[in-house]
Amino acid sequence: CGLIQRPYLDVPDVGFAFLPAHEGQGFATEAAAATLAHARTALGFSRLGAIALPTNAASLRVLGKLGFMDAGR
């Protein structure tokens, strides 16, 4: 889990990936929430982004929990 500045986005993007044995246990939500908090407080970012494939329902659920408004639409 971490931040990346993709050349086609104007804000840093939070991303996460877990091996199948560790999916569905809340690790992505917990790690991404901590990453976002650190990015906002310690790094001073006021805007952050996140992208996921429309077919990646699990990632879209995580992004929705984290408050990304267009998650899953």
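It should be noted that the structure appears before, not after, this text.
First, a word on scope: everything that follows refers to the structure included in this document. The model shown is predicted, which means the values in this text are computed figures rather than measured ones.

## Some words on the pattern of salt bridges
Now for step 1: Taken as a whole and judged by the stated rule, the model has two salt bridges.
Now for step 2: A salt bridge links Asp13 to Arg6; its shortest N-O distance comes to 2.4 Å.
Now for step 3: Ionic pairing is found between Arg47 and Asp10, a salt bridge with its closest N-O pair at 3.9 Å. Of this pair, Arg47 sits in the loop between helix H1 (27–41) and helix H2 (57–65) while Asp10 sits in the loop between strand E1 (2–4) and strand E2 (13–15), and the two are 37 residues apart along the sequence. For the pair shown, Arg47 and Asp10 are each scored as exposed.

## A closer look at the layout of surface pockets
Now for step 1: By volume, the largest pocket amounts to about 440 Å³.
Now for step 2: Contributing to the lining of the largest pocket are 25 residues, with Phe16, Ala28, Ala58, Ser59 and Val62 lying nearest its centre.
Now for step 3: Secondary structure elements with two or more residues in the lining of the largest pocket: E2, H1 and H2.
Now for step 4: With six residues, H2 is the single largest residue contributor to the lining of the largest pocket.
Now for step 5: The residue makeup of the lining of the largest pocket, split by class, is twelve nonpolar, eight polar and five charged.

## A look at the side chain of Thr35
Now for step 1: One can find Thr35 in helix H1.
Now for step 2: The class for Thr35 is buried, based on a relative accessible area of 17%.
Now for step 3: Separated by 2.9 Å, the side chain of Thr35 and the backbone oxygen of Ala31 make a polar contact.
Now for step 4: In this view, Thr35 contacts Cys1, Gly2, Leu3 and Val14; residues no more than four positions away in its chain are not counted.

What counts, and where the lines are drawn
Residues numbered from 1 in each chain as written. Predicted model: local features only at pLDDT ≥ 70, side-chain atom pairs only at ≥ 80, totals over all residues. Heavy atoms only, no water. Salt bridge = Lys/Arg side-chain N within 4 Å of Asp/Glu carboxyl O. Helix = DSSP H or I, 4+ residues; strand = E, 2+ residues; numbered from the N terminus. Buried < 20%, exposed > 50% of the residue type's maximum accessible area, 1.4 Å probe, protein only. 1 Å grid on protein atoms, 1.4 Å probe; cavity = no way out; pocket = protein on both sides within 12 Å on 5 of 7 lines; lining within 4 Å. Points joined across faces, edges and corners; volume = space filled by probe spheres on them. Nonpolar A, V, L, I, M, F, W, Y, C, P; charged D, E, K, R; others polar. Polar contact = N/O pair within 3.5 Å; in protein donor to acceptor, adjacent residues only side chain to side chain. Contact = heavy atoms within 4.5 Å.

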